[in-house]
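# Breakdown of the fold
Read off the chains here:
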Amino acid sequence: MTKTVYIKTVGCQMNVLDSEMVIADLKRNGYEVVDTPDAADLLLYNTCSIREQAEEKTYSALGKLRDTKDRNPEKKIGVLGCMAQKDQEVIFRRAPFVDMVVGPGQLHALPQLITNIDSGEGRQMAVSLGRTEGKQAVVARSHETFDPLRDPSMRPTPFQAYLRIQIGCDKFCTYCVVPNTRGPEQGRSPVEILSEARVLAEQGCREITLLGQTVNSYRHRSEDGETDLAGLLEQLHEIDGIERLKFVTNYPKDMTERLLTTVRDLPKCSPYLHVPAQSGSDAVLKRMKRGYTVGQYMDMFERIESILPEAAVSSDFIVGFCGETDEDFQKSVDMIERCRFKNSFIFQYSVRGGTKAAERLEDDVPREVKAQRNNELLAVQNRVAKEGNEKLRGTTVQVLVEGPSKKAGKADEDSSIVQMTGRTHCDRIVVFDGNRRQARQLLDVHVDDVTSHTLIGRVRTVELVSIGL
Ligand code: SAM
Ligand code: SF4
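Residues numbered from 1 in each chain as written. Chains lettered and ligands numbered in written order. Predicted model: local features only at pLDDT ≥ 70, side-chain atom pairs only at ≥ 80, totals over all residues. Heavy atoms only, no water.

Next up on the list: the site of ligand 2. Lining the immediate surroundings of ligand 2 are Cys169, Lys171, Phe172, Cys173, Tyr175, Cys176, Val178, Pro179, Gln213, Thr214 and Arg290. Class assignment of the residues belonging to the shell around ligand 2 gives a composition of seven nonpolar, two polar and two charged. (Near = heavy atom within 4 Å. Nonpolar A, V, L, I, M, F, W, Y, C, P; charged D, E, K, R; others polar.)

Below is the structure:
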């Protein structure tokens, strides 16, 4: 009999990719994916621990499963991902009905853990080694995952895929759990990456986004020499069928001239760079141990502007980090004004157990002040983004069409004309009236109107057809 699995994924792109791998593996083991927990024999929660709020949401979702498990003890519940690695036994304590806790580096073990439960071995935990629990190489190996398994049906769109080129992080920013939950930084071998990219191209994938916590720090050494991100992009660029190459997330200090000129010279590379600044204040950056000053960030930014003048740059900011004064905060506002980011993700600082900031710094910015700074920074960012988008009004942009927009909704399922959405080469979101068959196509769209997050336009070819050309 076919078994069924439901998976809920929260958090970053790494988690989206991990869930795709898990489902590919489970399908190979006879599982079928269902859309609701009620219909599932196996319920999986792929979790995030970047902020407390994300964790509490997961614990609350798990709490709601207590009754389900009481009524259907044969259903299995698994907690996967960063929270599993971080909290381990705590999850069994807070939600004793959970059957499996599996860290992001151990996801390949899932089918075996299920078998163990079925053979009466009780609940199962598979987590990677902590950073100090063994030699660096041994710890690193325990965080490796099983990337070559792919399942296009699990992607938001089958023609766009994530490809992990780097595991873990060694930067140890004082606020961040990732170096603990994802382990030491490791560049995957170019041979593996290229073969996975070829599989993706054969599956009909047109756009690949390379993933790494500090993706531009990517390095892989072998007998043949060293490969960096620029070298990898050159090789990926040769693969037929792949038309767009993106990479996230960039670390400001490693944004080399060589990488920028490579992006400029390879037409498939998107002129889009997500390079989080985190703060516009040197004092805060120092306490965050980000490893650069505002001046160095601005030097990097000017390097981007001179080599890739058309590039869209986006950022992340944390507001209310330990000791952040009004003056410090104002410097983050100033930075957004100066850099005019395409968009910024803004987060209120959240204390994370096991980090240096949690151990050594006081979380002294009141909650209301964090919320207020968040709103204020977002308002500035939105204004700057709208002004940036205004420059595109009246121009034609090339859009990789993803599918019907959220607004198109179910109501329009039978309609031939629906609002479609896609992205430009610079990662700007575009909506236009079109039809579902346009998904996966690269179309020229004339921009008629803009908001801070969206370009609104019409397809050029439709326009020509409608006037008989
Ligand atoms: N590796 C990427 C980098 O360094 O930019 C991003 C990693 S993290 C998944 C994404 C974002 O979450 C970070 O850029 C940071 O802004 C935010 N973040 C990380 N830890 C946080 C914390 N403790 N509180 C609030 N935001 C946090
Ligand atoms: Fe976290 Fe810093 Fe590593 Fe990004 S670079 S994952 S913020 S430790």
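So, next bit.
Taking 1.5 Å of rise per residue, 14 residues should cover 20 Å, and helix α13 (residues 294-307) covers 20 Å from first to last C-alpha, within 8% of that figure. What α13 keeps buried is the set Val294, Tyr297, Met298, Met300, Phe301, Ile304 and Ile307. Where α13 is buried, its residues contact α11 (257-265), β14 (272-274), α12 (282-288), β15 (312-319) and α14 (326-339). (Helix = DSSP H or I, 4+ residues; strand = E, 2+ residues; numbered from the N terminus. Expected span 1.5 Å × (residues − 1). Buried < 20%, exposed > 50% of the residue type's maximum accessible area, 1.4 Å probe, protein only. Contact = heavy atoms within 4.5 Å.)

Residues in close proximity to ligand 1 total 15 residues, the closest being Gln213, Pro276, Gln278, Asp316 and Ser350. Within the side chain of Gln278, one N or O atom sits 2.7 Å away from an oxygen atom of ligand 1. For ligand 1, whose accessible area on its own is 560 Å², the fraction buried by protein is 91%. Breaking the shell around ligand 1 down by element, the ones donating at least two residues are β15 and β16 (344-348). Residues of the shell around ligand 1, tallied by class, amount to six nonpolar, five polar and four charged. (Polar contact = N/O pair within 3.5 Å; in protein donor to acceptor, adjacent residues only side chain to side chain. Areas by Shrake-Rupley, 256 points an atom, 1.4 Å probe, with all protein chains shown as cover.)

Looking now at the sheet that holds strand β13 (residues 244-248). With parallel pairing, three strands are arranged side by side in an open sheet as β7-β10-β13. This sheet does not close on itself; its edge strands, each paired only once, are β7 (160-164) and β13. Pairwise comparison of adjacent strand axes, ignoring direction, gives a mean angle of 25° for this sheet. Here strand β10 (residues 207-211) pairs with β13 via five bridges, running parallel. In the sheet register, Ile208 faces β13, and the bridge partner there is Leu245. Taken strand by strand, helix α10 (residues 229-236) contacts β10 and β13, and its axis lies near 155° from that of β13. (Pairing = 2+ DSSP bridges. Axes fitted to C-alpha atoms, helices over the stretch in contact; angles between N-to-C directions.)

Turning our attention to the sheet that holds strand β6 (residues 124-126). Strand order in the open sheet made by the six strands is β2-β1-β3-β4-β5-β6, with parallel pairing throughout. Looking at which strands have only one partner, the edges of the open sheet turn out to be β2 (31-33) and β6. Adjacent strand axes in the sheet meet at a mean angle of 20° when their direction is disregarded. Looking at chain direction, strand β3 (residues 42-47) and strand β4 (residues 76-81) are connected through six bridges and run parallel.

Bear in mind that shape data such as this cannot, by itself, settle questions of function.
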